Amino acid sequence: MNILCYDYGGSSHHTLVELVKSGHTVYKSWTSSNQKNYEISLGIKHVDKTDSDMIGAYRPSNDELIKLTEDLILKYDIDVLKVDNPSHSSFLHEHFYKKVKYIGVSKEIYLLESNKLHSKSIAESVGINVPNILKHGKYFDDDYGTNVTFPCVEKPSNELLPATVFNNEYEFKAGIGVFPRDMNVDYFIEEFIDNALDIQVSYVMSAGEYFITDIFTTIGLCKNKGVFQNPWILGTEFNSLESRADLLVREEAHKYLKEIAKLGGHWEGSLGGAYRDDHQYYFFENNVRPDILASSNNFMTGDEYLKGIFEDISLFENAWANKNMQKISVSNENRREPYSIHLHDKYDVTYPANLNLDDDGNYYAWILGDIRPVIDLQMPGVRAVGTL
C-alpha cells in the first residue's frame, strides 16, 4: 500500500519504519534536509518541499489543506492517510475517510482533547474521579490569579495547550507573560492531586473496539510542568505500576474508553491521570493522537499494524503481551529535545525515538539528522555518549 502520514513530533517514527519494512511505500512531510536525508536512509519517502512547508511550517486554510491532500492522494496513489496532528487537520476526516483508509480522528473526536471540560464531563458521567474545579474565567479577567489555593493546576478550556502547575501567586502572575495565550481564552483551575503518581494509559481504537497497549507512571513529570519549566519530560522516569494499582487504573480506563469507543474511527491516543496512595484514580485528560511520551514504541510489523487497526484489534494484544515497558526520558547536550527510551533485557533500550545504539554500547541522538550526544542517564549499564 501507499501511505501518506502527516506526522506530529516524530510520534509515528517507528510505525512508519515498520510499514516500510513490510514492503509499503510511505510518504511524509519534513522540516529540514538533514531530517529528510536521515529518513530516506530508513526507506521513508517525502512529499515535495513546497507541499511539506504547507503541511508543517505554513498554516494553510482548511480549503487549502483539503486541496493539497486531494492532490497528494492522486499524485502518489495513496491508499492510507495517517493524520497524527488533529489540532490542525481533524477536519480532513470528513472529506477523506470514505475515499482512503484513514487513521486519525474526526472533529467530534478531537473535542475529547481540545475541550478539556467536555472530556472531564464524560469521565464524571461514567463514575471516574476528576479533580475539583476551584475557579474558571478568562485570562483577561481582573481577578485572574487571585482567590485560589496553592498548589493548583491551570488549564485552558478549549485550547491545545498544556496544563501548568502553580505553586504561588507570583508564579500565577508570571505565567501571563511566559505563555503565549490569547487573553480572551477561557481557563479553569483544578485542585492539585497530591500524594499521587502521574499515570499514562496508551490505547488504540478500531471501529468501536479498543485495546489498552500500555499503562505506566511518569515519575518527575510535574517538576517540569511549572511556569519556569525545562523541556517538559526531561528527566522523567517511566515505570510499570504495581499489580494492585495497575488493576484499578485499568478498570477505570475501561469505563472511559468503552464510552468514547462509541464514536468509532481508527486512531491512537492516551489518557492522563493520577493514582493516589489511598488507592484512588483521577482522570485528567485525553490526547487523541499517537503518544509522544511512549516514543512510538511499536512491537508489530507494518502489516500487523494495518490489519490490527482496520480489521482485527486483537493483533495489538498479541504484540504487546509480556513486554517490559520500563523507560526513562533523556535529552541531548543542549537539553532542549527530550526523548523517551524503552528499556529491555538485551541492550537496556528498545525503540528509542531517533536514538541509535552503537557497537560501543553508547547512545547517539539524531536531531533532525545531526548527531548529538545524549546526557548521562545515570543508570546501571547505560552510559553517557560522546560525539562520533
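Residues numbered from 1 in each chain as written. Predicted model: local features only at pLDDT ≥ 70, side-chain atom pairs only at ≥ 80, totals over all residues. Heavy atoms only, no water.

A.B. asks: So what about the overall build of the protein? Which residues, and what values?
C.D. replies: When its secondary structure is counted, the protein shows 12 helices and 19 strands. Buried positions account for 55% of the 388 residues belonging to the protein. Long-range contacts, defined as pairs at least 24 residues apart, comprise 59% of the intrachain contacts of the protein with a sequence gap of at least 6. For the protein, the computed accessible surface area is about 17400 Å², with 48% contributed by carbon and sulfur atoms. (Helix = DSSP H or I, 4+ residues; strand = E, 2+ residues; numbered from the N terminus. Buried < 20%, exposed > 50% of the residue type's maximum accessible area, 1.4 Å probe, protein only. Contact = heavy atoms within 4.5 Å. Areas by Shrake-Rupley, 256 points an atom, 1.4 Å probe, with all protein chains shown as cover.)

A.B. asks: Lay out the nonpolar core in plain terms, naming residues and giving numbers.
C.D. replies: Grouped together as the largest cluster of nonpolar side chains are 29 residues, with contacts concentrated most on Y256, L257, I260, W267 and L271. When contributions to this core are tallied by element, the ones reaching two or more residues are α7 (107-114), α8 (116-125), β10 (196-206), β11 (209-219), α10 (243-260), β13 (266-276) and β14 (280-287). Residue contributions to this core peak at 7 residues, all from α10. Here Y256 is in contact with L112, S119, I122, A123, V126, I128, L271, F283 and N286, once residues within four sequence places are set aside. Residues F299, Y305, I309 and L315 belong to the second largest nonpolar core, which totals 23 residues. (Core = buried A, V, L, I, M, F, W, Y, C linked by side-chain atoms within 4.5 Å.)

A.B. asks: Help me get a handle on the environment of R59, residues and values and all.
C.D. replies: Along the chain, R59 turns up in the loop between α3 (49-55) and α4 (62-75). Along the sequence, R59 and H88 sit 29 residues apart, while their C-alpha atoms lie 8.1 Å from each other.

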